[in-house]
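One-letter residues, chain by chain:
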Amino acid sequence: MSLRRLDIAHFRNLDAVRLQPCAGINLIIGDNGAGKTSILEAISVLSTGRSFRATRTPAIINFEQEAYTLFAEVFNALAEHQQIVPVGISRNRQSEQQIRVAGQQARSASQLAELLPVQVINSDSFQLLEGSPKVRRQFVDWGVFHVEHQFFNIWQSSQKALKQRNKLLKYGKMHGSEQLDIWDEALSRYADQVDRLRADYIAMLVPEFESTLAELAFSGEVSLSYYRGWDKHTACLDVLRQNREKDWALGFTQSGPHRADLRIRVNKLPAVDVLSRGQQKLVVCALLLAQGRLMQKLTGKQSIYLVDDLPAELDSEHRNYLCQVLETMQCQVFITSVEADALTDCWSASTPMTMFHVKHGQLDHTPGSDTSR
Ligand SMILES: Nc1ncnc2c1ncn2[C@@H]1O[C@H](COP(=O)(O)OP(=O)(O)O)[C@@H](O)[C@H]1O
Ligand SMILES: [Mg+2]
């Protein structure tokens, strides 16, 4: 998957910007506050319906406008017909959203996500190590979603069952345990399926992660292990029954697939407590790259990588290794930087590369500004 064209309107300080990215490396260069991160943010909104800066919609819409609009032509190399798919999303100050995929109104943002897998490498990526299990669960589920077609519906059903069970625990004591039996069974049925898909996925991800980490010249061992959210020797249904009294008292479900985690450890300790900041960065890059590689292997689908402010994050040696891995993946990459120099020499001459200069929310079209090869 890659973007052939991207139109951004009324999004942060980008009033009307049109990019024609290449299928390889796209460098976005500009001063602080020029609008570089906003371009990456626009791509991620197109992919997920949400911003990676986790802000409310009014913060994203240009201060002087009522709505933002994003439009792109997505090149789908896997499609037999209609390889170019137009997609668009707009949202107004009331948070009303319109999504269109291939000329049709889309039901939900998951349709965008399926078509346009995007991975973001930025300073928030550290959350994979230092954040709550939720961040790692979302990471795992992103991967499973893209390689297992059935996952989304099963996961949604497990969420619904959990919600109903929690509602009953909180407000429904008068209904007694008969009602709870129903939701125990529903939740545990979907929990087992979610668990199996996650476990299978992580088993495939681990070797991919280890080889990618080695390619990034990380020395040492980092272990990934999966915690499914309840005791590994006991069936989910039994755990729910055993926990019933406590769950009634607390008013929510303590154990289940909503508590799953991907434990990332060094010498049996959480990696975040042991590794240097630079080492942590390599580990999170390896995780995000490994996911893209695995998806490519299993489905042929390629992820788009958005890398925000690369030079600030890694020293030049490791930056080169990262660039080499991205290059071998032959996917579309958008990288921002204040200086072009640090990034132009990292690529072999055969890799397509385009450079965009951003200035005060506009692309600088002065001769020699946008260079392609
Ligand atoms: N809703 C908005 N409307 C207009 N400008 C905004 C809005 N939100 C942020 N900005 C401004 O957009 C500019 C671009 O920010 P950003 O993309 O983060 O810059 P860069 O990554 O190039 O340093 C900043 O100057 C910021 O103040
Ligand atoms: Mg920025």
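These figures come from a predicted structure and were not determined experimentally. (Residues numbered from 1 in each chain as written. Chains lettered and ligands numbered in written order. Predicted model: local features only at pLDDT ≥ 70, side-chain atom pairs only at ≥ 80, totals over all residues. Heavy atoms only, no water.)

Draft legend 1. Summary view of helix α5 (residues 133–147). Counted at 1.5 Å a residue, the expected span for α5 with its 15 residues is 21 Å, and the 21 Å between its end C-alpha atoms agrees. The element α5 is extensively covered by neighbouring structure, given that 11 of its 15 residues are classed as buried. For α5, the set of buried residues is Arg136, Arg137, Phe139, Val140, Asp141, Trp142, Gly143, Val144, Phe145, His146 and Val147. (Helix = DSSP H or I, 4+ residues; strand = E, 2+ residues; numbered from the N terminus. Expected span 1.5 Å × (residues − 1). Buried < 20%, exposed > 50% of the residue type's maximum accessible area, 1.4 Å probe, protein only.)

Draft legend 2. Geometry of the sheet that holds strand β10 (residues 261–266). Within the open sheet, the three strands sit side by side as β9-β10-β11. Their pairing is antiparallel. Looking at the sheet topology across the chains shown, the edges are occupied by β9 (223–227) and β11 (269–270). (Pairing = 2+ DSSP bridges.)

Draft legend 3. Spatial organisation of the pattern of salt bridges. On inspection of all chains with the given rule, the structure shows 16 salt bridges. We note a salt bridge from Asp184 to Arg165, for which the minimum N-O separation is 2.6 Å. Linking Asp184 in helix α7 (residues 176–215) with Arg165 in helix α6 (residues 151–171), this pair joins segments that are 19 residues apart in sequence. Of the two residues, Asp184 and Arg165, both sit in the buried class. The shortest N-O distance in the salt bridge between Asp184 and Arg244 comes to 2.7 Å. In this pair, Asp184 is assigned in helix α7 and Arg244 in helix α9 (residues 244–250), connecting sequence segments 60 residues apart. Each of Arg165, Asp181, Asp184, Arg244 and Asp247 takes part in a single network of salt bridges with overlapping partners. (Salt bridge = Lys/Arg side-chain N within 4 Å of Asp/Glu carboxyl O.)

Draft legend 4. Region of interest: the packing of helix α11 (residues 277–299) against helix α13 (residues 316–329). Where α11 contacts α13, the axes come no closer than 11 Å and their chain directions differ by 10°. Taken together, the axis directions place α11 and α13 in an arrangement best described as roughly parallel. Contacts from Leu282, Cys285, Leu289, Gly292, Arg293 and Gln296 in α11 reach His318, Leu322, Val325, Leu326, Thr328 and Met329 in α13. For the contact of α11 with α13, the residue count by class is seven nonpolar, four polar and one charged. (Axes fitted to C-alpha atoms, helices over the stretch in contact; angles between N-to-C directions. Parallel < 35°, antiparallel > 145°, perpendicular 65-115°, else oblique. Contact = heavy atoms within 4.5 Å. Nonpolar A, V, L, I, M, F, W, Y, C, P; charged D, E, K, R; others polar.)

Draft legend 5. Examining the domain arrangement of the protein more closely. Splitting the protein by domain gives domain 1 (1–117 + 302–373) and domain 2 (121–300). Inter-centroid distance (C-alpha atoms) of domain 1 to domain 2 is 28 Å. Each partner contributes to the interface: domain 1 provides 21 residues, whereas domain 2 provides 25 residues. At the junction of domain 1 with domain 2, the criterion picks out zero salt bridges. On inspection of domain 1 and its partner domain 2, the count reaches six residue pairs in polar contact (both at pLDDT 80 or more). Secondary-structure elements contributing two or more residues to the side of domain 1 that touches domain 2 are α3 (110–115), β12 (304–307) and α13. Sort the elements by how many residues they give to the side of domain 1 that touches domain 2 and α13 lands first, with seven residues. (Domains from an automatic or database assignment. Polar contact = N/O pair within 3.5 Å; in protein donor to acceptor, adjacent residues only side chain to side chain.)

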